[in-house]
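Overview (structure and organization)
Each chain is listed here by its residues.
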Amino acid sequence: MTDVLFRYHCAECGNTGEASLPDDSPEWDTSQCAKCGAPDLERTICPDPARAIWWDELMHASRWWARSCVEPEQAALLLSGINPNKDPKGTPANPEAHRELLAEFTAIQKTDPRIRTLAQWLDVARTKGIPYDRWIDEWMEAAGIGSGGSKKARAAPVSNESKEKTLPPRQQMILQTIRSLGKEPTALPVPPKGKGGVKAEVWKVLSKSGASKDTFDNDWQALRDGDYIADAPANEPADPPTT
Ligand SMILES: [Zn+2]
């Protein structure tokens with residue numbers, strides 16, 4: 001069991017801060033502001049470079065994630081907690097789940113042959129409800145990529161998803177961070193003059209992962225150029241109040 005660091009924000013009283021909870025704590029689902037008691041406290045999981053590096057070394061997580069084509073057999077092993085680079089035959093901790101993943105992936109590849117990424121195989125496992133090894137959720141959480149599991153803060157809907165998965169991981173991370181702050185990347189509220197707005201908030205989160213500001217600025221501009229990031233229309237309320 002590991003503790004997960006997160007930032008919290010209360011929409012009612014504005015109370016913010018950082019805290020950590022054990023990974024499997026029931027408190028993830030019963031969030032309440034400690035100050036005013038308002039329900040639905042927003043939590044944003046903080047990227048944790050040390051944990052991300054751990055999975056990168058053990059599972060080559062970033063490399064498999066970035067690979068443009070992952071075979072069904074490789075995906076089934078990876079999602080069973082085995083790195084095919086290190087252990088191509090592997091003995092999964094849960095052989096039944098591994099067989100189920102392999103059967104499903106092989107069937108899909110046969111009926112709908114195309115090049116698939118690890119992210120796409122993971123989607124299949126999640127959509128079909130096939131149990132998979134949680135290491136990948138932990139890694140995504142730690143690396144600040146995508147939405148890992150059931151925690152409220154990561155439940156933001158993803159549009160444009162398949163297109164985004166072709167972006168470099170750093171740029172995906174920016175889009176995911178925007179969503180974790182409760183904003184839609186293609187409808188960012190325009191900040192009042194002199195204020196930093198969403199970009200500054202995102203940088204505050206991502207600067208902890210050791211990224212350089214120049215790289216971040218370049219990635220942000222590339223996302224704007226590709227229309228992945230856009231401002232909300234000026235005549236509409238950018239951030240409708242929730243009741
Ligand atoms: Zn509050």
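Note that the structure is a prediction, hence the values are computed from the model and not measured.

Section: the sheet that holds strand β1 (residues 3-9)
Note: strands within a sheet are paired through backbone hydrogen bonds, in either parallel or antiparallel orientation. Within the open sheet, the three strands sit side by side as β2-β1-β3. Their pairing is antiparallel. Edge positions in the sheet fall to β2 (16-22) and β3 (42-45), since each of these pairs with one other strand and no more. Geometrically, the sheet is characterised by an average inter-axis angle of 35° between neighbouring strands, direction not taken into account. Both β1 and β2 contribute to a ladder of seven bridges, which runs antiparallel. For Tyr8, the partnering residue across the bridge sits in β2 and is Gly17.

Some details on the packing of helix α1 (residues 49-59) against helix α6 (residues 135-143)
It is at 8 Å that the axes of α1 and α6 come closest, and there the two elements cross at 135°. Relative to α6, the element α1 is oriented oblique. Remark: the crossing between α1 and α6 carries left-handed chirality. Across from Arg51, Ala52, Trp55 and Met59 in α1, the residues of α6 making contact are Trp135, Glu138, Trp139, Ala142 and Ala143.

Some remarks on the confidence of the model for the chain
For the chain, per-residue confidence averages 82 on the pLDDT scale, and residues scoring 70 or more make up 88% of the total. Averaged over each element, pLDDT in the chain is lowest for helix α7 (residues 161-164) (68) and highest for helix α3 (residues 72-78) (97). Per-residue pLDDT stays below 50 along residues 148-159; that stretch engages in 23 contacts with residues further than four places along the chain or on separate chains.

Parameters and conventions
Residues numbered from 1 in each chain as written. Predicted model: local features only at pLDDT ≥ 70, side-chain atom pairs only at ≥ 80, totals over all residues. Pairing = 2+ DSSP bridges. Helix = DSSP H or I, 4+ residues; strand = E, 2+ residues; numbered from the N terminus. Axes fitted to C-alpha atoms, helices over the stretch in contact; angles between N-to-C directions. Parallel < 35°, antiparallel > 145°, perpendicular 65-115°, else oblique. Left-handed = near helix turned anticlockwise from the far one by under 90°. Contact = placed C-beta atoms within 7 Å. pLDDT = per-residue confidence, 0-100.

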